[in-house]
Amino acid sequence: ACYEYPAGRNYANRKAAGWWHLFGLGYSLNVDGLPNPLNLSANLAYRDGLGGADHDWSHAAVGVSTEFDLAENLTFVPGLYHQISMDDSVCTNDVTYAVLSVQHKF
């Protein structure tokens, strides 16, 4: 995900180098009564020192989202996600969050 190498010495980002390996799965589930499928997702992340984090499995996340057509080329996309923290150097708590977005295609 990121590898930085500063051009000089004593820069704040001199130890920011590292990798972020993300393994994910996605599945579209058709549900009667919904105009578009539910998009199910799951991912597992391994932080390899990126941003000063430990070299460890940092978190796993699961989520569901769908789309609702509001008008031609305008779509409302709600999503609900839950992230499970596995390494305190990244995040100390599990997090549940919602994403509400509107997409305009042009």
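Residues numbered from 1 in each chain as written. Predicted model: local features only at pLDDT ≥ 70, side-chain atom pairs only at ≥ 80, totals over all residues. Heavy atoms only, no water.

> Would you explain the environment of Ser101 in this entry?
The topology assignment puts Ser101 in strand β6 (residues 95-104). Expressed as a C-alpha distance, the spacing of Ser101 and Gly79, which sit 22 residues apart in the sequence, is 8.6 Å. Discounting residues that sit within four places of it in the chain, Ser101 has contacts with Thr75, Phe76 and Val77. (Helix = DSSP H or I, 4+ residues; strand = E, 2+ residues; numbered from the N terminus. Contact = heavy atoms within 4.5 Å.)

> Looking at this model, I keep getting lost on the pairing of β6. Mind explaining?
Each regular strand carries side chains that alternate between the two faces of the sheet. Of all 10 residues in β6, zero are buried; the element is thus mostly exposed. The pairing of strand β5 (residues 74-85) with β6 spans 10 bridges and is antiparallel. Its bridge partner being in β6, Pro78 is matched across the sheet by Leu100. (Buried < 20%, exposed > 50% of the residue type's maximum accessible area, 1.4 Å probe, protein only. Pairing = 2+ DSSP bridges.)

> Looking at this structure, I do not really get the environment of Asp87. What am I missing?
Inspection of the secondary structure puts Asp87 in the loop between β5 and β6. For the pair Asp87 and His59, spaced 28 residues apart in sequence, the C-alpha to C-alpha distance is 6.9 Å. Non-local contacts of Asp87, meaning those with residues more than four positions away in its chain, are made with Asp54, Asp56, Trp57 and Ser58.

> Would you mind showing me how to read a nonpolar patch on the surface here?
A contiguous nonpolar patch, built from Tyr27, Leu29, Val31, Leu34, Leu40 and Phe68 and spanning about 460 Å² of accessible area, is present on the exposed surface. Secondary-structure assignment places Leu40 in strand β2 (residues 38-48). (Patch = residues over 30% accessible without salt bridge, like charges linked within 9 Å, V, L, I, M, F, W, Y side chains within 5 Å. Areas by Shrake-Rupley, 256 points an atom, 1.4 Å probe, with all protein chains shown as cover. Salt bridge = Lys/Arg side-chain N within 4 Å of Asp/Glu carboxyl O.)

> Would you mind showing me how to read the packing of aromatic side chains here?
Here a ring pair, both rings aromatic, is described through the centre-centre distance and the interplanar angle of the planes. What the rule picks out here adds up to three aromatic pairs. Between Phe23 and Trp57, the aromatic rings sit 6.0 Å apart at their centres with planes inclined by 50°, giving tilted as the arrangement. Highlighted residues: Phe23 in strand β1 (residues 19-29) and Trp57 in strand β3 (residues 55-65), separated in sequence by 34 residues. In this structure Trp57 comes out as partly exposed when scored by relative accessible area, which is 36%. Here the aromatic residues Phe23, Tyr46 and Trp57 are joined through ring pairs into a cluster of three or more. (Phe/Tyr/Trp six-rings, centres within 6.5 Å; stacked < 30°, edge-to-face > 60°.)

Interpretation in functional terms is not warranted from these geometric data alone.
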